[in-house]
Amino acid sequence: MIRFLPACLLFSVAITGLADDNDTDQRQGVAIALRGTPKVDGKIDDLWKSCPKHTVALPITELLKIDQKDMATATVQLLWDDRHLYALWVVNDAALSAESSDDWAQDSVELFLDQHQDKSTTYQADDAQYRVNFQGKRSGQGTGYDEADLKAVAARTKKGYRVEMSIRTHAADMKPGTVMGLELQVNDDHGSGQRDAITKWLHPEDDSWQDTSKFGTVQLK
Ligand code: BGC
């Protein structure tokens, strides 16, 4: 029995280690950002290779207008340095469109950030929503949003598109151990000229643009 217990523990650690990154981070609502300064130039620096991947694939069911298997999904990796949070998005999206006049209804990705993680139910100066469409067009909202803080490069891929984002942080103390509120979203126009699907990382409701209280956590390592 004494011998059996450690073996059991080892086995469960091995299983946990094998689990998809997102399995674990979705249960805990914690995404890990590793330290590093990538060049935001459309090429994928080696720095990204060791970053955990976080999956954005939870549909907002009441707004879903297409088959769930057709909706756009993404994986996101995160890096940080003294002044920035960086995100590399790889989006699976079979049909790309920027037809809608609403930026949030075009094929695009959104990163929501609550730099003090005070989980306010309205946006304050440390809160912003950063959006980039598949063509690299930037937009955003929220009290803490300044377009000058957001740099991005987008590129088409075989299965959709890729977006590299750099967000200049202005409220958080960027150091190992720092936590901020985070949510991730993919908007999908599947061909209607409107938004046909929305997928999220954590909280599958369309409330992140005005309420930070249900965000998950990004932890700087
Ligand atoms: C939401 C939209 C909202 C927009 C406003 C998006 O994240 O999904 O419903 O109108 O943000 O910025």
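Conventions adopted
Residues numbered from 1 in each chain as written. Predicted model: local features only at pLDDT ≥ 70, side-chain atom pairs only at ≥ 80, totals over all residues. Heavy atoms only, no water. Helix = DSSP H or I, 4+ residues; strand = E, 2+ residues; numbered from the N terminus. Buried < 20%, exposed > 50% of the residue type's maximum accessible area, 1.4 Å probe, protein only. Contact = heavy atoms within 4.5 Å. Areas by Shrake-Rupley, 256 points an atom, 1.4 Å probe, with all protein chains shown as cover. Pairing = 2+ DSSP bridges. Phe/Tyr/Trp six-rings, centres within 6.5 Å; stacked < 30°, edge-to-face > 60°. Polar contact = N/O pair within 3.5 Å; in protein donor to acceptor, adjacent residues only side chain to side chain. pLDDT = per-residue confidence, 0-100. Near = heavy atom within 4 Å. Nonpolar A, V, L, I, M, F, W, Y, C, P; charged D, E, K, R; others polar. Salt bridge = Lys/Arg side-chain N within 4 Å of Asp/Glu carboxyl O. Core = buried A, V, L, I, M, F, W, Y, C linked by side-chain atoms within 4.5 Å.

**Looking at the overall build of the protein**
And step 1. Within the protein, the secondary structure is distributed over two helices and 13 strands.
And step 2. Counting the 221 residues in the protein, one finds 48% classified as buried.
And step 3. A separation threshold of at least 6 residues defines the contact pool for the protein, and within that pool the share at least 24 residues apart is 63%.
And step 4. Within the structure as shown, the protein displays about 10800 Å² of accessible surface, and the carbon and sulfur contribution to it stands at 53%.

**A word on the pairing of strand β12 (residues 197-200)**
And step 1. Side chains A197 and T199 of β12 all project onto a buried face; the interleaved residues I198 and K200 project onto the opposite face, where all are buried too.
And step 2. As paired strands, strand β3 (residues 58-59) and β12 are joined by two bridges and run antiparallel to one another. Each residue of the ladder has a partner; that of L58, found in β12, is K200.
And step 3. As paired strands, strand β11 (residues 179-188) and β12 are joined by four bridges and run antiparallel to one another.

**Some remarks on the packing of aromatic side chains**
And step 1. Summed over the entire model, instances satisfying the criterion amount to three aromatic pairs.
And step 2. A ring pair is formed by F112 and F215, whose centres lie 6.0 Å apart and whose planes are at 55°; its orientation type is tilted. With F112 in strand β6 (residues 108-114) and F215 in the loop between β12 and β13 (216-220), this pair connects stretches of sequence that are 103 residues apart. The residues F112 and F215 share a single accessibility class, namely buried.

**Some words on the environment of E164**
And step 1. Looking at the secondary structure, you find E164 in strand β10 (residues 160-168).
And step 2. Taking the C-alpha atoms as reference, E164 lies 9.3 Å from K39; in sequence the two are 125 residues apart.
And step 3. Not counting chain neighbours up to four residues away, the residues in contact with E164 comprise P38, K39, V40, D41, G42, K43, W48, A87, L88, K151, A152 and V153.
And step 4. At 3.5 Å, the side chain of E164 and the backbone nitrogen of G42 are in polar contact.
And step 5. Within the local environment of E164, its side chain forms a polar contact with the side chain of W48, the two groups lying 3.2 Å apart.

**Overview of unusual backbone geometry**
And step 1. Here Q117, not a glycine, exhibits a phi torsion of approximately 45°, which is positive.
And step 2. Assignment of secondary structure puts Q117 in the loop between β6 and β7 (127-133).

**Observations concerning the confidence of the model for the protein**
And step 1. The share of residues in the protein with pLDDT of 70 or more is 90%, and the mean pLDDT across the chain is 91.
And step 2. Least confident of the elements in the protein is helix α1 (residues 4-18), whose mean pLDDT is 40; most confident is β6, at 99.

**Overview of the environment of Y161**
And step 1. Along the polypeptide, Y161 turns up in strand β10.
And step 2. With 67 residues separating them in the primary sequence, Y161 and A94 have C-alpha atoms 9.4 Å apart.
And step 3. With residues near it in sequence (within four places) discarded, Y161 still touches W89, V90, V91, D93, L96, D107, S108, V109, F134, A155 and R156.
And step 4. Looking at Y161, its side chain comes within polar contact range of the main-chain nitrogen of S108, at 3.2 Å.

**Thoughts on the site of the ligand**
And step 1. Around the ligand, the neighbouring residues are W104, E110, F112, Q129, R131, Q141, Q185, R195, D206 and W209.
And step 2. Notes on the ligand: free accessible area 300 Å², of which the protein chains cover 90%.
And step 3. Of all the secondary-structure elements, those providing two or more residues to the shell around the ligand are β6 and β7.
And step 4. When its residues are assigned to classes, the shell around the ligand shows three nonpolar, three polar and four charged.

**Points about the pattern of salt bridges**
And step 1. Across all of its chains, the model carries ten salt bridges by this definition.
And step 2. Taking the shortest distance from any N to any O, the salt bridge between R131 and E110 comes out at 2.6 Å. Taken together, the residues R131 in strand β7 and E110 in strand β6 connect sequence positions 21 residues apart.
And step 3. Here R131 falls in the buried class, since its relative accessible area comes to 2%.

**Some points on the nonpolar core**
Generally speaking, nonpolar side chains in soluble globular proteins are found buried as a group.
And step 1. Ranked by size, the top nonpolar core spans 35 residues in total, and within it L78, W89, V109, L111, L113, M165 and L182 carry the most contacts.
And step 2. Of all the secondary structure elements, the ones that give two or more residues to this core are β1 (30-35), β4 (73-81), β5 (84-92), β6, β7, β10, β11 and β13.
And step 3. Membership of the second largest hydrophobic core comes to five residues, among which are W48, L79, Y86 and L88.

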